[in-house]
Amino acid sequence: MRASKSGGEYNGAALYSFLLGLGHSQALVQKVLRDAGVDRIDPTRWYDINWAMDIYFAIYEKIGRGAMIAVGKKMIEAAPFPPGLDDVKSLLMGLDAAYRMNARAADMGCITCEFDDDNSATLVWTSLGPCPLNIGIIEGCCSRVGAPALVEHGAGGCMDEGALSCTYLVSF
Amino acid sequence: MHTPFEWIERERAGLTAALAEGLGRRAGSVFRSAGRAACEAVADGVIAALAADLASGKDTAGREAMSALVRRFSGSLGYADLRHLTTTLRALVLAAATEAAPAERQRVEDWLFQLVLVGAMRFVAQREQTFQEQAAQLEVRQLESQLEELRAAFEEKTRLLDVIRQASTPVAPVYEGIVVVPLVGLFDAQRAQLLTERLLHAIGESRASVVIVDISGVPLFDSEAAQLVIRTSQAVRLLGAQLLLVGLSPGVAQTIVGLGVELSSLKTLSSLQDGIAHALALRKLRIAPMASR
């Protein structure tokens, strides 16, 4: 897992919507929050970025890869988006801006998106957070606009295993 | 005179180089990860197959090239890689064939279509095989885990049974030279062996001459159990001691008679009290009331 060395903040609203995406697993959420020393997440405040990432990874460890992807997908499908983001391209291109709205740190990384043609894209993430959540977020962006996608983890390593970035090859 | 598909030989080197470059360009692709030499080998194989098939009028070389490609990158090739290869190849080849006759361009399109079909089929088959292998490995792991749990449970059960046997086969000295063994619970071969071992040890240690085995706590005393007691009695006799069997209920006595078990070699008595009185008598002793002062 990659942590921020510079320290920074993470938006409570993003963490809150992720926890909402867990739906029926509220007992699990409560346990993870209690272990982290809080009763609830306040969506109006900012939290220490590494503390917030620890929450993501603690839940990932408990629910596993498949469930983490599903939560990321559900989170994006239900999230309110600004008008104009109504196709796969605009949504995937907007991911970096959305990440910057939710994280503040000098070494928070970024998300780049390059379209290979009309129906495929390559995304490179150097952001913080678990890899399966990123896959779920990409899937959610595509399914939100009715374009179910195949998201494959590219060769060249995974951040969850110590690599500097994760590359996702998206076909939709 | 016009030679069909002459353009492919003319463009072959350029097509191979351009395809190799295109394959290595996409970030995260298996081709880029494999390196430049691998990209050149893949490109050379596919373009050579195209040239061979255009010359022969068949699709054999293309099919073989695609199968070899899927095999070569087995396990790491993704759909996106396959898509990248075919779309890049199509764009390059059709661009090279712009001046070709419409029939030749159509032939190239057909060949590319076959290539996509074969690639997709091989890719799905490879994935299916991988899933099946993973599922089989998972099943084996689950079975091994279950077996390990069963083995641990069996060992724990065996240990507990041994503890129970040890605890339920006490050898109690009641007077000098007399020991009592109250048996409680099932009396089987394993327990008989344990009883014999403990009795022989106790006889040697306490110099007992009479052993009273009380079976009033044994729920089932059949011919097999009787044979086991007789064998224990024979072992006890070898050490110069005598075994008294007490606690036979009327029901057990009837069963033994009904089964035709010969117990004449054993001294049997109905109760532990009778057994102790008999043991004392054998040692020329008796229980007498204390004289009043």
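Residues numbered from 1 in each chain as written. Chains lettered and ligands numbered in written order. Predicted model: local features only at pLDDT ≥ 70, side-chain atom pairs only at ≥ 80, totals over all residues. Heavy atoms only, no water.

### Section: the domain arrangement of chain B
Much of the literature gives interface size as the accessible area that the parts lose upon coming together. The line we're drawing: Boundaries between domains were set according to an automatic or database domain assignment.
Each assigned domain of chain B is listed here: domain 1 (6-134) and domain 2 (172-282). Computed over C-alpha atoms only, the centres of domain 1 of chain B and domain 2 of chain B are separated by 88 Å.

### Quick notes on unusual backbone geometry
Residue and element names in this part refer to chain B. Spelled out, the test is: Numbering goes from the N terminus for both helices and strands, where a helix is a DSSP run of H or I of at least four residues and a strand is a run of E of at least two. Partly exposed residues are those whose accessible area sits between 20% and 50% of the maximum for their type, while under 20% is buried and over 50% is exposed, using a 1.4 Å probe and protein chains only.
Of note, the phi angle at Phe5 is positive, near 55 degrees, even though the residue is not glycine. Positionally, Phe5 belongs in the segment before helix 1 (6-25). We note that Arg207 has phi near 55 degrees; this positive angle belongs to a residue other than glycine. Note that Arg207 resides in the loop between helix 7 (189-206) and strand 3 (210-217). Arg207 gets classed as exposed once you look at its relative accessible area, which sits at 73%.

### Re the sheet that holds strand 3 (residues 103-105) of chain A
All names here are of chain A. Inclusion rule: Two strands qualify as a pair provided that DSSP identifies no fewer than 2 bridges between them. Here the axes come from fitting lines to C-alpha atoms, over the contacting stretch only for helices, and the angles between their N-to-C directions go from 0 to 180 degrees. Throughout, a residue-residue contact means that at least one pair of heavy atoms, one from each residue, lies within 4.5 Å.
What the three strands build is an open sheet, ordered 2-1-3; its pairing is antiparallel. With one partner strand each, in any of the chains shown, strand 2 (46-48) and strand 3 form the two edges of the open sheet. Strand-to-strand, the axes of this sheet are offset by a mean angle of 25 degrees, without reference to chain direction. Pairing analysis gives three bridges linking strand 1 (residues 8-11) to strand 2, with the strands arranged antiparallel. Opposite Glu9, over in strand 2, you have Asp48 as the bridge partner. Docked against the sheet, helix 1 (residues 12-21) engages strand 1 and strand 2, running at close to 50 degrees with respect to strand 1.

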